[in-house]
Amino acid sequence: MNKNLIGLHHITAITSSAPKIFNFMIEILGLHLIKKTVNQDYIRTYHLYFTDDMVKAGTDITFFDFLGIPKGKQGKNGITRLGFRVPNDKASEWWQDRLDKFEISHDESKTRFGAKYFYFYDFDDQQYQLVSEEKPWCCWGRSLSTQPSAWRVRNSWWFRTFVWHHRLSRKTKSSSYRSYELY
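Residues numbered from 1 in each chain as written. Predicted model: local features only at pLDDT ≥ 70, side-chain atom pairs only at ≥ 80, totals over all residues. Heavy atoms only, no water.

**Q** Please explain the pairing of strand β3 (residues 46–51) as it appears in this structure.
**A** On any regular strand, side chains alternate: one points to one face of the sheet, the next to the other face. The element β3 is extensively covered by neighbouring structure, given that five of its six residues are classed as buried. Taken together, the six bridges between strand β2 (residues 32–38) and β3 define a ladder with antiparallel strand orientation. If you follow leucine 33 over to β3, its bridge partner there is phenylalanine 50. Two strands pair when backbone bridges link them, and β3 and strand β4 (residues 60–65) are joined in this way by four bridges, in the antiparallel orientation. (Buried < 20%, exposed > 50% of the residue type's maximum accessible area, 1.4 Å probe, protein only. Helix = DSSP H or I, 4+ residues; strand = E, 2+ residues; numbered from the N terminus. Pairing = 2+ DSSP bridges.)

**Q** Looking at this structure, how should I read a negative patch on the surface?
**A** Side chains of Glu93, Asp97, Asp100 and Glu108 sit close together on the surface and give a patch of like negative charge. Assignment of secondary structure puts aspartate 97 in helix α2 (residues 89–101). Look at aspartate 97 and you get exposed, because its relative accessible area is 52%. (Patch = residues over 30% accessible without salt bridge, like charges linked within 9 Å, V, L, I, M, F, W, Y side chains within 5 Å. Areas by Shrake-Rupley, 256 points an atom, 1.4 Å probe, with all protein chains shown as cover. Salt bridge = Lys/Arg side-chain N within 4 Å of Asp/Glu carboxyl O. Lys, Arg positive; Asp, Glu negative; His and termini not counted. Charge placed at Lys NZ, Arg CZ, Asp CG, Glu CD.)

**Q** Help me understand the pattern of salt bridges, please; the structure alone is not making it clear to me.
**A** Any two side chains of opposite charge can pair, on the condition that their charged atoms come close. For the structure on display, the rule yields two salt bridges. When the shortest N-O distance is used, the salt bridge between lysine 71 and aspartate 125 registers 3.6 Å. Taken together, the residues lysine 71 in the loop between β4 and β5 (78–86) and aspartate 125 in the loop between β7 (115–121) and β8 (127–132) connect sequence positions 54 residues apart. With a relative accessible area of 41%, aspartate 125 lands in the partly exposed category. Salt-bridge contacts for arginine 85 lead to glutamate 133; the nearest nitrogen and oxygen are separated by 2.3 Å. With arginine 85 in strand β5 and glutamate 133 in the loop between β8 and β9 (154–168), this residue pair connects regions lying 48 residues apart in the sequence. Taking the relative accessible area as the measure of exposure, arginine 85 reaches 0% and is therefore buried.

Below is the structure:
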């Protein structure tokens, strides 16, 4: 049995509205709905599966809808932001303009590891980031989007997780967060 982590199959989140997340993922981000089932643990909620056009494992993002739940709060030891990739900096600018057109909240572009990125948020304040691969420093996957090829979002999830570190000594107690980028 291979015990090495070789990738993610999918990422699942919770949403307050199945119709709104459907619109956000399909109409705004250009992903495909490939499956709609019910939550087997609570059959009054949907389980929606969005992915690229090839339905390749590792490109899925799924949502359980719990109508009207309050917006989430960031905790410790969890995934806090999900990222999408685009081919270049110009595509990143195109996406900022597109999000503006749909009145989707986003931050200004920044640079990390030589790559431009920006954060954006859906109606539930779910946190996302979009990263340009104009100056790639990793191996990237393939398209995830129905948008024009020059501007597409791509797979190979990039997400941020915060891990709570707590250190004790005789004289002081200290705690800190560490941020890890996972690709």
